[in-house]
Amino acid sequence: MAQEPFDSAQDKTSDSAQSKPFIICDNLVKIYQVADLESVALQGLDLVVTAGELMGLVGPSGSGKTTLMNILGGIDRPSAGRVWVDGQDLLKMSDAALNRYRRSKVGFVWQQGSRNLISYLTALENVQLPIPLAGYNGPDKHQRAEQLLEVVGLAERRHHYLAQMSGGEQQRVGIAVALANNPVLLLADEPTGEV
């Protein structure tokens, strides 16, 4: 029986919780096909990220940064290779299991702040939407949303709609939304572009 990647990666690290592998990408490949053209976004990517590690990806446009984030976030699947996040083999997960994974474990901050916001809701209402996924309901849901808006400096703007906010304010609401479900994995695609 083949050894699980977490076992082999742990053998190479110390016993501390900080060094435990949280993300493992093994020979990831992602090929997009449009009509008769193939575009290779990832080619044989190997990556290990330990628990609690903060990592930034830098590269030119089209180098695969967003593709990698989409794979780690369970939005897309690789063409080849293997990927584990928090001990879960994302390739073996059904579509329903990936939906649960995204809702309960992942927070996304998109380059365009309004991508994960609903224009006809206030800042507070936008932040409250994903909170039940983290187990908060009723007054706790409202309190959690208020706290997150305070953290991003928008407590005074909580009853404003997106059209009443600047691009930077919208992006900060998006950050609060990304944190609403207490994610174990926070993925951010150029999150400070408009802040």
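A short tour of the structure in this document, coming up.

What follows concerns the overall build of the protein chain. Per the secondary structure count, the protein chain includes six helices and six strands. Split into buried and exposed, the 195 residues of the protein chain put 38% on the buried side. Within the protein chain, residue pairs in contact and separated by at least 24 positions form 61% of the contacts whose partners lie at least 6 positions apart. With an accessible surface of roughly 11,000 Å², the protein chain has 50% of that area assigned to carbon and sulfur atoms.

What follows deals with the pattern of salt bridges. Inspection of every chain in the model, using the stated rule, returns six salt bridges. For the salt bridge of Asp86 with Lys105, the shortest nitrogen-to-oxygen distance reads 2.8 Å. With Asp86 in the loop between strand S3 (80–85) and strand S4 (88–89) and Lys105 in helix H3 (residues 95–105), this pair connects stretches of sequence that are 19 residues apart. Classification of Asp86 by relative accessible area gives partly exposed; the value is 32%. As a salt-bridge pair, Arg158 and Glu146 come within 3.4 Å of each other at their nearest N and O atoms.

With that out of the way, let us pick up the sheet that holds strand S1 (residues 21–34). In space, the four strands of this open sheet follow the order S2-S1-S3-S4, with antiparallel pairing throughout. Of all strands in the sheet, those with a lone pairing partner are strand S2 (37–50) and S4, marking the two edges. Sheet topology places S1 next to S2; eleven bridges connect them, and they run antiparallel. Each bridged residue has a counterpart across the sheet, and for Ile23 the counterpart in S2 is Val49. Contacts from helix H2 (residues 65–72) reach S1, S2 and S3, with the element oriented near 120° to S1.

This next bit is on the layout of surface pockets. Empty space among the atoms becomes apparent when a probe as large as a water molecule is rolled across them. Counted as a void, the largest pocket has a volume near 610 Å³. Forming the walls of the largest pocket are 26 residues, and the residues nearest its centre are Met55, Gly56, Leu186, Leu187 and Ala188. Mapped onto the lining of the largest pocket, the elements with two or more residues apiece are S1, S2, H2 and strand S6 (185–188). Here the residues of the lining of the largest pocket sort into 19 nonpolar, three polar and four charged. In this structure, the second largest pocket occupies an estimated 270 Å³ of space. Lining of the second largest pocket is provided by 16 residues; of these, Phe108, Asn116, Pro130, Val177 and Ala178 occupy positions nearest its centre. The set of elements that each furnish at least two residues to the lining of the second largest pocket consists of H3, strand S5 (106–109) and helix H6 (167–179). No other element matches the three residues that S5 contributes to the lining of the second largest pocket. When the residues that make up the lining of the second largest pocket are grouped by side-chain class, the tally is nine nonpolar, four polar and three charged.

The next thing to look at is the packing of aromatic side chains. For any two aromatic rings, the description comes down to two numbers: the centre-to-centre distance and the angle of the planes. Going through the model one piece at a time under the given rule, you end up with one aromatic pair. With a centroid separation of 4.9 Å and 5° between ring planes, the pair formed by Phe108 and Trp110 is classed as stacked. Here Lys30 stacks its cationic end above the ring of Tyr32, 5.1 Å away from the centre of that ring.

Moving on to H2. Where burial is concerned, most of H2 is hidden: six out of the eight residues are buried. All of the buried residues in H2 are Thr67, Leu68, Met69, Asn70, Ile71 and Leu72. Along its buried surface, H2 packs onto S1, S2, S3, H3, S5 and S6. Immediately downstream of H2, the backbone of Gly74 shows phi near 75°, a positive value.

Rules used throughout
Residues numbered from 1 in each chain as written. Predicted model: local features only at pLDDT ≥ 70, side-chain atom pairs only at ≥ 80, totals over all residues. Heavy atoms only, no water. Helix = DSSP H or I, 4+ residues; strand = E, 2+ residues; numbered from the N terminus. Buried < 20%, exposed > 50% of the residue type's maximum accessible area, 1.4 Å probe, protein only. Contact = heavy atoms within 4.5 Å. Areas by Shrake-Rupley, 256 points an atom, 1.4 Å probe, with all protein chains shown as cover. Salt bridge = Lys/Arg side-chain N within 4 Å of Asp/Glu carboxyl O. Pairing = 2+ DSSP bridges. Axes fitted to C-alpha atoms, helices over the stretch in contact; angles between N-to-C directions. 1 Å grid on protein atoms, 1.4 Å probe; cavity = no way out; pocket = protein on both sides within 12 Å on 5 of 7 lines; lining within 4 Å. Points joined across faces, edges and corners; volume = space filled by probe spheres on them. Nonpolar A, V, L, I, M, F, W, Y, C, P; charged D, E, K, R; others polar. Phe/Tyr/Trp six-rings, centres within 6.5 Å; stacked < 30°, edge-to-face > 60°. Lys NZ or Arg CZ within 6 Å of the ring centre and 35° of its normal.

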